[in-house]
Amino acid sequence: MNKMLALNWKMNPTSVAEVEKLMQAMKVALAQIRTGDVVVFPPAMYLDLITRIKESEQIYLELGVQDVAIAEKGAYTSQISANMAAGLGLQYALVGHSETHQYLGVTDASVGQKVLQVLQSGINPMICIGYQEDTSSQEIDYDMLKSQLQQALEPSKDLITNQDICIAYEPVWAIGTGVTPSPETIETVIIFLKRTVQEILGAKTAENVRFLYGGSVNSGNIEEFNALPELDGFLIGGASLKPEELPKLAQVVV
Ligand code: PEP
């Protein structure tokens, strides 16, 4: 299974000039990559610009949206449907990121509706698991993780065959804080998530699912995490906006 490097730019960069600069840094960092998967989730406002740069500069990456609506179309002011993303040729949709729980009222149940939309549209979901209301608690709540996975996958489990589904373990207290779980903890949680996905989707379908870690990954710690046998890649926020970080992050997928 290919490794996945997923870069969540959140609500950055803040100008077209900065986007162009970051894309040049991406071009340099990704120049050697031929086999792994790299996906960027930029602000939707920049997707057209980024698609044009990616194509003219032949940059090795896929693009995705940072969230999708729970419905196909209609009165959902400010939102983007999975079908729209698919129609533009995007490959991925991020679903259930903690900041969408925190600021946009996304719930564990609506994550399931969004995943269904994504799969019905023919693109691939990258599902974040690990949001909890108490953003400071570092305790691993396995019941909560299991429930989030069930709610995310159950509504569409009959649709899932060999799509590229990524599950990103993102403990909310590690996002943007510079603090991470230990490699041993990440490995333990990933094994648990894999077992749970096998229970929900069946062992054969679960074989195609990739498991990522996200939360304060940077050029200084990625190598240690990348040595974990169960991990298939990373979802990275803050460090993905720093040109000097990108070459080291890209080593994961060379
Ligand atoms: C994220 O936003 O998904 C994330 C992991 O952010 P950071 O790498 O900044 O912790």
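Report on the accompanying structure. All values reported here derive from a predicted model rather than from experimental measurement.

### Thoughts on the nonpolar core
When a protein is soluble and globular, its nonpolar side chains tend to lie buried together.
Turning to step 1, where the next piece is worked out: Counting residues in hydrophobic clusters, the biggest one holds 72 residues, and the most contacted among them are Ile127, Ile167, Leu193 and Ile236.
Turning to step 2, where the next piece is worked out: Of all hydrophobic cores here, the second largest spans 12 residues; its members include Met4, Val39, Tyr92 and Leu94.

### Points about the state of the cysteines
Turning to step 1, where the next piece is worked out: Counted under the stated rule, the structure contains zero disulfides.
Turning to step 2, where the next piece is worked out: With no disulfide partner, Cys128 has as its closest neighbouring cysteine sulfur the one in Cys166, 10 Å distant.
Turning to step 3, where the next piece is worked out: For Cys128, a relative accessible area of 7% gives the class buried.
Turning to step 4, where the next piece is worked out: The exposure class assigned to Cys166 is buried, which follows from its relative accessible area of 0%.

### Quick word on the packing of aromatic side chains
Turning to step 1, where the next piece is worked out: If you walk through the whole model with that rule in mind, you get three aromatic pairs.
Turning to step 2, where the next piece is worked out: Note on Tyr142 and Phe192: the rings are 4.8 Å apart at their centroids and 70° apart in plane angle, and the pair reads as edge-to-face. Linking Tyr142 in helix α6 (residues 142–153) with Phe192 in helix α7 (residues 183–201), this pair joins segments that are 50 residues apart in sequence.
Turning to step 3, where the next piece is worked out: Classification of Tyr142 by relative accessible area gives partly exposed; the value is 29%.
Turning to step 4, where the next piece is worked out: You can call Phe192 buried: its relative accessible area is 14%.
Turning to step 5, where the next piece is worked out: Taken together, a centroid distance of 6.3 Å and an interplanar angle of 55° make the contact between Tyr169 and Tyr213 tilted. Taken together, the residues Tyr169 in strand β6 (residues 166–169) and Tyr213 in strand β7 (residues 210–214) connect sequence positions 44 residues apart.

### Considering the side chain of Gln132
Turning to step 1, where the next piece is worked out: Relative to the helices and strands, Gln132 resides in the loop between β5 (124–129) and α6.
Turning to step 2, where the next piece is worked out: Within the structure, the side chain of Gln132 is placed 3.1 Å from the backbone oxygen of Asp134, a separation counted as a polar contact.
Turning to step 3, where the next piece is worked out: Side-chain polar atoms of Gln132 contact the backbone oxygen of Ser137, separated by 2.8 Å.
Turning to step 4, where the next piece is worked out: The residues touching Gln132, leaving out its near neighbours within four places in the chain, are Ser137, Glu139, Met144, Val172 and Trp173.

### Remarks on the packing of helix α1 (residues 16–29) against helix α2 (residues 47–57)
Turning to step 1, where the next piece is worked out: Their axes nearest at 11 Å, the elements α1 and α2 cross at an angle of 35°. Where α1 crosses over α2, the handedness of that crossing is right-handed. Each of Val16, Val19, Glu20, Met23, Gln24 and Lys27 in α1 lies in contact with α2, whose residues at this interface are Leu49, Ile50, Ile53, Lys54 and Glu57.

### Describing the pattern of salt bridges
Turning to step 1, where the next piece is worked out: Going through the model one piece at a time under the given rule, you end up with 11 salt bridges.
Turning to step 2, where the next piece is worked out: Across the salt bridge formed by Lys10 and Glu99, the nearest N and O atoms sit 2.9 Å from each other. With Lys10 in the loop between β1 (4–8) and α1 and Glu99 in helix α4 (residues 98–104), this residue pair connects regions lying 89 residues apart in the sequence.
Turning to step 3, where the next piece is worked out: Residues joined in a network through salt bridges with shared partners are Asp37, Asp164 and Arg210.

Reading guide: rules and limits
Residues numbered from 1 in each chain as written. Predicted model: local features only at pLDDT ≥ 70, side-chain atom pairs only at ≥ 80, totals over all residues. Heavy atoms only, no water. Core = buried A, V, L, I, M, F, W, Y, C linked by side-chain atoms within 4.5 Å. Buried < 20%, exposed > 50% of the residue type's maximum accessible area, 1.4 Å probe, protein only. Disulfide = S-S within 2.5 Å. Phe/Tyr/Trp six-rings, centres within 6.5 Å; stacked < 30°, edge-to-face > 60°. Helix = DSSP H or I, 4+ residues; strand = E, 2+ residues; numbered from the N terminus. Polar contact = N/O pair within 3.5 Å; in protein donor to acceptor, adjacent residues only side chain to side chain. Contact = heavy atoms within 4.5 Å. Axes fitted to C-alpha atoms, helices over the stretch in contact; angles between N-to-C directions. Left-handed = near helix turned anticlockwise from the far one by under 90°. Salt bridge = Lys/Arg side-chain N within 4 Å of Asp/Glu carboxyl O.

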